[in-house]
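Topology and contacts: notes
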Amino acid sequence: MKLLARKPLLLAALLSIPLWIALGNFIVAVCVALLLSFLIAMCHALYVLRRTPDAPRAADED
């Protein structure tokens, strides 16, 4: 799942087929798959950013 979260277009391609069957319209299925895949990728990126420890701040900040 981590690999798919890093590659949203691959995830969208995989999601479009079941959504096509469920929704009955290919164009709508591709649009929904793109939105969902980029949302999943964004959530995964935010999770990774929050999990990493904060870098020490420089002493010469203004």
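From a predicted model like this one, the values you see are computed outputs, not experimental measurements. (Residues numbered from 1 in each chain as written. Predicted model: local features only at pLDDT ≥ 70, side-chain atom pairs only at ≥ 80, totals over all residues. Heavy atoms only, no water.)

1. Here's the deal with the side chain of Ser-37
For the record, the criterion: A run of H or I in DSSP counts as a helix once it spans at least four residues, and a run of E counts as a strand once it spans at least two, with each numbered from the N terminus. Counting of polar contacts relies on pairs of N or O atoms within 3.5 Å, with two restrictions inside protein: one atom must be capable of donating a hydrogen and the other of accepting it, and residues adjacent in sequence are counted only when both atoms are side-chain atoms. Two residues qualify as a contact provided that any one of their heavy atoms is within 4.5 Å of a heavy atom in the partner residue.
Among the secondary structure elements, Ser-37 is positioned in helix H3 (residues 26-51). At 3.0 Å, the side chain of Ser-37 and the backbone oxygen of Leu-34 are in polar contact. In contact with Ser-37, not counting residues within four places along its chain, are Pro-8, Leu-11, Ala-12 and Leu-15.

2. Some points on the UniProt feature "transmembrane region" (unreviewed entry) in the chain
Put simply, the test is: UniProt positions are given in the numbering used here, feature names are shortened, and annotations may be inferred rather than shown by experiment.
In the numbering used here, UniProt assigns the feature "transmembrane region" (unreviewed entry) to residues 20-49. The annotated region residues 20-49 carries 93% helix and 0% strand content, and the separation between its end C-alpha atoms amounts to 33 Å.

3. Let's talk about a positive patch on the surface
The criterion, for reference: The patch calculation keeps residues exceeding 30% relative accessible area without a salt bridge and links them within 9 Å when they carry like charges or within 5 Å when they are nonpolar (Val, Leu, Ile, Met, Phe, Trp, Tyr). In these tables, accessible area is a Shrake-Rupley quantity obtained with a 1.4 Å probe, and a residue counts as shielded only by the protein chains included in the view. For this document, the term salt bridge refers to a Lys or Arg side-chain nitrogen within 4 Å of an Asp or Glu carboxyl oxygen. Counting rule for charge: Lys and Arg are taken as positive, Asp and Glu as negative, and neither His nor the chain ends is counted. One atom stands in for each charge, and that atom is NZ of Lys, CZ of Arg, CG of Asp or CD of Glu.
A cluster of like positive charges, contributed by Lys-2, Arg-6, Lys-7 and Arg-51, occupies part of the molecular surface. Take Arg-51: it is sitting in helix H3.

4. What to know about helix H2 (residues 8-23)
Think of an α-helix as turning once every 3.6 residues; residues three or four places apart then point the same way. Cut-off, in case you're wondering: Values of bend correspond, residue by residue, to the angle between axes fitted over the seven residues ending at that residue and the seven starting there. Remark: exposure states derive from per-residue accessible area (1.4 Å probe, protein chains only) relative to the maximum for the residue type, with buried under 20%, exposed over 50%, and partly exposed in between.
By the largest-angle criterion, Ser-16 marks the main kink of H2, which is about 30°, and a proline, Pro-18, follows within four residues. Where H2 is concerned, the buried positions are Pro-8, Leu-11, Ala-12, Ser-16 and Leu-19. A positive phi of about 80° marks Gly-24, the residue just after H2.

5. Here's the deal with H3
So the rule is basically this: Take the residue count of a helix, subtract one, and multiply by 1.5 Å to get its expected span.
In a regular helix each residue adds 1.5 Å, so 26 residues correspond to 38 Å; H3 covers 37 Å between its end C-alpha atoms and thus fits that length. Within H3, the full set of buried residues consists of Ala-29, Ala-33, Ser-37, Ala-41 and His-44. You can read the cap of H3 off the contacts: a side-chain oxygen lies 3.3 Å from the backbone nitrogen of Ile-27, and it is on Asn-25.

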